[in-house]
Amino acid sequence: CLPYVCTIIVHTVRIDPLSRSLVLAEADAASRILFTRVLSGRGANVFTASTAPETVTLVRQAAPDLLIMSMHLPGIISGFDLARIIHNISTRPMPIVALTTDPRILHHRHRHLLDAVLLKPFAMRELLQLIYQTPAELVPVRTPLHQHRS
């Protein structure tokens, strides 16, 4: 992949097109607005958070189909800690897509807590492709870390 646009797919995330709700956790307000506009325009019901505690509250209240989160949110030690908390409080399996500028996350010992990692900056089409296409439709333009989370 190009050095400035790279997506690593841990395993394909797909949310049902008829019942799409997601929590978008991003500290950067401009990114939050952009992602919300694009995803809402595609029919998603988007709940936004700018900190880790807000994210936990929204996941509890909204029970979303998907969490898209920055790995560097205020209010928690690491994005992996947040992912662990989310998995513990979720009432059903919920994919987590991590957004980061740090490629070291791809080799972190707790990467199994994440369903996909998008390295910033990325093209919006990559996020949309990851969310809305089935595994058979997904064009593998990146290097998989592993096929499925155990």
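Residues numbered from 1 in each chain as written. Predicted model: local features only at pLDDT ≥ 70, side-chain atom pairs only at ≥ 80, totals over all residues. Heavy atoms only, no water.

Draft legend 1. Representation of the nonpolar core within the structure. Counting 24 residues, the largest nonpolar core has Leu-67, Met-69, Ile-86 and Leu-114 as its most contacted members. For this core, the secondary structure elements donating two or more residues are strand 2 (21-25), helix 2 (52-62), strand 4 (66-70), helix 3 (79-89), strand 5 (96-100) and strand 6 (116-119). If you look at the next biggest cluster of nonpolar residues, it comprises 18 residues, including Ala-44, Val-97, Leu-128 and Leu-130. (Core = buried A, V, L, I, M, F, W, Y, C linked by side-chain atoms within 4.5 Å. Buried < 20%, exposed > 50% of the residue type's maximum accessible area, 1.4 Å probe, protein only. Helix = DSSP H or I, 4+ residues; strand = E, 2+ residues; numbered from the N terminus.)

Draft legend 2. Spatial organisation of the environment of Asp-102. Along the chain, Asp-102 falls in the loop between strand 5 and strand 6. Taking the relative accessible area as the measure of exposure, Asp-102 reaches 16% and is therefore buried. In this structure the C-alpha to C-alpha distance between Asp-102 and Leu-118, which are 16 residues apart in sequence, comes to 9.8 Å. With sequence-adjacent residues up to four places away left out, Asp-102 is seen in contact with His-72 and Leu-119. Only 2.9 Å separates the side chain of Asp-102 from the side chain of Arg-104, close enough to count as a polar contact. (Contact = heavy atoms within 4.5 Å. Polar contact = N/O pair within 3.5 Å; in protein donor to acceptor, adjacent residues only side chain to side chain.)

Draft legend 3. Geometry of the environment of Pro-95. Relative to the assigned elements, Pro-95 resides in the loop between helix 3 and strand 5. With relative accessibility at 18%, the residue Pro-95 sits in the buried group. Along the backbone, Pro-95 and Leu-22 are 73 residues apart, and their C-alpha atoms lie at a distance of 9.9 Å.

Draft legend 4. Inspection of the packing of helix 2 against helix 3 at higher detail. Taken N-terminus to C-terminus, the directions of helix 2 and helix 3 make an angle of 20°; their axes are 10 Å apart at the nearest point. In terms of axis orientation, helix 2 runs roughly parallel to helix 3. Helix-helix and strand crossings are classified by hand; for helix 2 and helix 3 the assignment is right-handed. Here Ala-52, Thr-55, Val-56, Val-59 and Arg-60 of helix 2 come into contact with helix 3, specifically with Leu-82, Ile-85, Ile-86 and Ile-89. Taken together, the residues that form the contact of helix 2 with helix 3 break down as 7 nonpolar, 1 polar and 1 charged. (Axes fitted to C-alpha atoms, helices over the stretch in contact; angles between N-to-C directions. Parallel < 35°, antiparallel > 145°, perpendicular 65-115°, else oblique. Left-handed = near helix turned anticlockwise from the far one by under 90°. Nonpolar A, V, L, I, M, F, W, Y, C, P; charged D, E, K, R; others polar.)

Draft legend 5. Inspection of the packing of aromatic side chains at higher detail. One pass over the structure, following the stated rule, counts 1 aromatic pair. With a centroid separation of 5.9 Å and an interplanar angle of 25°, the aromatic rings of Phe-35 and Phe-122 are classed as stacked. Note that Phe-35 is positioned in helix 1 (residues 29-41) and Phe-122 in the loop between strand 6 and helix 4 (124-132), a separation of 87 residues in sequence. By the burial criterion, Phe-35 is buried, and Phe-122 matches it. (Phe/Tyr/Trp six-rings, centres within 6.5 Å; stacked < 30°, edge-to-face > 60°.)

Draft legend 6. Highlighting helix 3. Of all the residues in helix 3, the buried ones are Gly-79, Phe-80, Leu-82, Ala-83 and Ile-86. Projection of helix 3 onto a plane perpendicular to its axis shows the buried side chains occupying an angular sector of 155°, all on one side. At its buried positions, helix 3 is contacted by helix 2, strand 4 and strand 5. Its side-chain oxygen placed 3.2 Å from the backbone nitrogen of Phe-80, Ser-78 serves as the N-cap of helix 3. (Arc of directions from axis to C-beta.)

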